Amino acid sequence: MRFPSALLGVVLLGVIAPAVAEESPLYGGLRIGTLDADFAGFGKATNVGVVFGYDIDRDERGTLAIEAEATTTLSDGSVFGGGNWDADTIAASAAYRTAGSAYVKAKIGFLRQDIHRSGGPLNADGSGIAIGAGGGVRLNSKAMLEIEYTLMSGDLSYVSFGYITHF
């Protein structure tokens, strides 16, 4: 999944949306971070992704949302003994953010991963449950910065930094 055009579109929406739109329950954003494969000899890769979400319930305690996220490798990870690896992921999750200008986030969902290795065999494609936790800062009523740790599967974990904006 290589999607530079989609990333460019999200960046443009992220720049324009906070300036022209009223706050809506629909949001999107970008994430970048370190992807760690739990295989002996595999170095870390850098993944970039897009996230789209919808706030389904918002009150004084926080916000419950549904999110869809896709990531792809920006910089391959190395493999001891030769070769590189990369991974593409796609996920659908329920996410909860506490209220306040600084908040805590928790999420759980379903994830599909495709891991590719050059220079040797690897059979780690699959799907399963993904869980995540993190925190963030609301810059205003539309924009947020987040840091998050996601256990994508028994094979992958992702520490990411993201920018989110409501449309």
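Higher on the page you've got the structure.
Residues numbered from 1 in each chain as written. Predicted model: local features only at pLDDT ≥ 70, side-chain atom pairs only at ≥ 80, totals over all residues. Heavy atoms only, no water.

1. Regarding the overall build of the protein
Heads up, the rule is: Where helices and strands are cited, they refer to DSSP runs of H or I of at least four residues and of E of at least two residues respectively, numbered from the N terminus. Using a 1.4 Å probe on the protein chains alone, a residue whose accessible area is under 20% of its type maximum counts as buried, one over 50% counts as exposed, and one in between counts as partly exposed. Note on areas: these come from Shrake-Rupley sampling with a 1.4 Å probe, and a residue is covered only by the protein chains present in the view.
Per the secondary structure count, the protein includes one helix and nine strands. Traced from its N-terminal end to its C-terminal end, the protein shows the element sequence α-β-β-β-β-β-β-β-β-β. Split into buried and exposed, the 167 residues of the protein put 44% on the buried side. When the accessible surface of the protein is split by element, carbon and sulfur atoms take 65% of a total near 8200 Å².

2. Topic: the environment of Gly 162
With respect to the helices, strands and loops of the structure, Gly 162 is situated in strand 9 (residues 156-166). Sequence spacing of Gly 162 and Ile 32 is 130 residues, and the spatial spacing of their C-alpha atoms is 6.5 Å.

3. Describing the side chain of Glu 67
The condition that has to hold: Identification of polar contacts relies on pairs of N or O atoms within 3.5 Å, with a donor-acceptor requirement for protein atoms, meaning one able to donate a hydrogen and the other able to accept it, and with residues adjacent in sequence counted only if both atoms are side-chain atoms. We call two residues in contact whenever any of their non-hydrogen atoms come within 4.5 Å of each other.
Tracing the backbone shows Glu 67 in strand 3 (residues 62-75). One polar contact links Glu 67 to Tyr 27, side chain to side chain, over a distance of 2.7 Å. A polar contact is formed between the side chain of Glu 67 and the side chain of Arg 97, at a distance of 2.8 Å. Among residues more than four places away in sequence, those in contact with Glu 67 are Tyr 27, Arg 31, Val 51, Phe 52, Gly 53, Ala 91, Ala 92, Ser 93, Ala 95, Arg 97, Lys 105 and Lys 107.

4. Here's the deal with a nonpolar patch on the surface
For clarity, the cut-off: Patch rule: a residue counts if its relative accessible area is over 30% and it has no salt bridge; like charges are joined within 9 Å, and nonpolar side chains (Val, Leu, Ile, Met, Phe, Trp, Tyr) within 5 Å. Salt bridge, as used here: a side-chain nitrogen of Lys or Arg that lies within 4 Å of a carboxyl oxygen of Asp or Glu.
A cluster of nonpolar side chains, contributed by Ile 32, Leu 74, Ile 108, Phe 110, Ile 129, Ile 131, Ile 147, Tyr 149, Leu 151, Val 159 and Phe 161, occupies part of the molecular surface with about 1100 Å² of accessible area. Of all the elements in the fold, those that place two or more residues in the nonpolar patch are strand 6 (102-117), strand 7 (126-138), strand 8 (143-151) and strand 9. Looking at the nonpolar patch, the element that brings in the most residues is strand 8, giving three residues. Topologically, Ile 32 is positioned in strand 1 (residues 26-37). Accessibility expressed as a relative area gives 40% for Ile 32, which makes it partly exposed.

5. As for the packing of aromatic side chains
For the record, the criterion: Stacked, tilted and edge-to-face pairs are distinguished by plane angle, under 30 degrees for stacked and over 60 for edge-to-face with tilted covering the rest, among Phe, Tyr and Trp rings (Trp via its six-membered ring) whose centres lie within 6.5 Å.
This structure, assessed with the given rule, holds two aromatic pairs. A centroid spacing of 5.9 Å and a plane angle of 45 degrees characterise the contact between Phe 42 and Trp 85, whose relative ring orientation is tilted. Taken together, the residues Phe 42 in the loop between strand 1 and strand 2 (45-59) and Trp 85 in strand 5 (residues 84-98) connect sequence positions 43 residues apart. Across this residue pair, the class does not change: Phe 42 and Trp 85 are buried. Among the aromatic side chains, those forming a connected cluster through ring pairs are Phe 39, Phe 42 and Trp 85.

Everything listed here is a matter of coordinates, which is why it stays silent on function.
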